[in-house]
Amino acid sequence: IVTRELRDVIQLDHFFEQRQVAPIVKRALIARVALIARELHAAGINHRDLYLCHFMLRDSSLTAHRQDITLIDLHRAQLRITVPERWLVKDLGSLLFSSMNLGFSRRDYLRFLKNYFAADLRSILRERSSLLQKILHRARKTYKSDFGHLPTL
């Protein structure tokens, strides 16, 4: 495997921790992360460590009104025809967990879902409620294990 060096990048979780992010930029970044996750899973790949810290943002790309984000740390990824629900829950639960202390609103999470599933919210919440509950449970369980209490969402 040959890779290129990533220069002038910041982990997406650090970006949100360290900066006051303009709403338009925040929305664009949420949409971009959702698209990357959707395309990864649609290709039958589950990351196994899908945390915001593995999304590297080229800071300078924000001035050009695009979001140059690279997903790293794919050494544990698995490839199948389709991603089993168990691994989908783990990936999306991990992503949710890694965002819980970063000041995202309920609207931000709904925006992610809308972009990830490429559907309207009403149908997502109706047709995917079981999956969404499993993802939330996974994220909250991880959070409680790491921090000793449950987050507020």
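The coordinates are above.
Notes on the structure in this doc start here. Keep in mind that what you see is a predicted model, and the values were worked out from it rather than measured. (Residues numbered from 1 in each chain as written. Predicted model: local features only at pLDDT ≥ 70, side-chain atom pairs only at ≥ 80, totals over all residues. Heavy atoms only, no water.)

Thoughts on the environment of Y51
In plain terms, the rule: The way it works is that DSSP assigns letters per residue, a run of H or I at least four long becomes a helix, a run of E at least two long becomes a strand, and they are numbered from the N terminus. Whether two residues are in contact is decided by their heavy atoms, any of which lying within 4.5 Å being enough.
Among the structural elements, Y51 can be located in the loop between β2 (45–46) and β3 (55–58). Sequence spacing of Y51 and T142 is 91 residues, and the spatial spacing of their C-alpha atoms is 12 Å. Not counting chain neighbours up to four residues away, the residues in contact with Y51 comprise S94, L95, F97 and S98.

Some remarks on the packing of aromatic side chains
Formally: Aromatic pairing here means that ring centres of Phe, Tyr or Trp (its six-membered ring) are within 6.5 Å. Orientation follows from the plane angle: under 30 degrees is stacked, over 60 is edge-to-face, and everything else is tilted.
Per the stated rule, a full pass over the model turns up nine aromatic pairs. Cluster of aromatic residues (ring-pair linked, three or more members): F15, F16, F104 and Y109.

Some thoughts on the environment of S105
The test is simple: Here's how the labels work: a residue is buried when its accessible area is under 20% of the maximum for its type, exposed when over 50%, partly exposed in between, all with a 1.4 Å probe on protein chains only.
Positionally, S105 belongs in the loop between α3 (85–99) and α4 (106–117). According to the relative accessible area criterion, S105 is partly exposed, its value standing at 32%.

What about the pattern of salt bridges?
Just so we agree on the cut-off: The salt bridge definition used is simple: a Lys or Arg side-chain nitrogen within 4 Å of an Asp or Glu carboxyl oxygen.
If you walk through the whole model with that rule in mind, you get eight salt bridges. Taking the shortest distance from any N to any O, the salt bridge between E5 and R7 comes out at 3.1 Å. There is no split in this pair, since E5 and R7 are both exposed.

Focus: the pairing of β3
Rule in force here: Strand pairing is assigned whenever DSSP identifies at least 2 bridges connecting the two strands.
The alternating pattern of β3 places F55 and L57 and M56 and R58 on opposite faces, both of which are buried. Taken together, the three bridges between strand β1 (residues 9–11) and β3 define a ladder with antiparallel strand orientation. Across the sheet, Q11 pairs through a bridge with M56, a residue of β3. Note that β3 and strand β4 (residues 69–71) share three bridges and pair antiparallel. Following the sheet pairing, F55 is matched in β4 by L71.

Side note on the sheet that holds β4
The line we're drawing: Axes, fitted as lines to C-alpha atoms, cover a helix only where it is in contact. Angles between the N-to-C directions of the axes lie from 0 to 180 degrees.
Sheet architecture is open: three strands sit in the order β1-β3-β4, paired in antiparallel fashion. Pairing within the sheet leaves two strands with one partner each, and these edge strands are β1 and β4. Strand-to-strand, the axes of this sheet are offset by a mean angle of 30 degrees, without reference to chain direction. The strands touched by helix α2 (residues 23–42) are β3 and β4; relative to β4, the strand with the most contacts, the crossing angle is about 35 degrees.

Notes on the nonpolar core
Which entries qualify depends on this criterion: Among buried residues, those of type Ala, Val, Leu, Ile, Met, Phe, Trp, Tyr and Cys that are joined through side-chain atoms within 4.5 Å constitute a nonpolar core.
Counting 42 residues, the largest nonpolar core has L12, F15, F55 and F112 as its most contacted members. Within the residue set of this core, elements represented by two or more residues are α1 (12–18), α2, β3, β4, α3, α4 and α6 (129–147). Contacts of L12, omitting those with residues within four sequence positions, involve L29, V33, L52, F55, L57 and I69.

Examining a positive patch on the surface
Put simply, the rule is: Patch membership is restricted to residues that have no salt bridge and whose relative accessible area is over 30%. Joining uses 9 Å for like charges and 5 Å for the nonpolar side chains Val, Leu, Ile, Met, Phe, Trp and Tyr. Accessible surface is estimated by sampling points in the Shrake-Rupley manner with a 1.4 Å probe; for residues, cover comes only from the protein chains shown. Just so you know, the count uses Lys and Arg for positive and Asp and Glu for negative, and it drops His and the chain ends. By convention, the point assigned to a charge is CZ for Arg, NZ for Lys, CD for Glu and CG for Asp.
Taken together, the side chains of R80, R86, R138 and K141 make up a positively charged region of the molecular surface. Turning to its location among the elements, R86 is positioned in helix α3. According to the relative accessible area criterion, R86 is exposed, its value standing at 59%.

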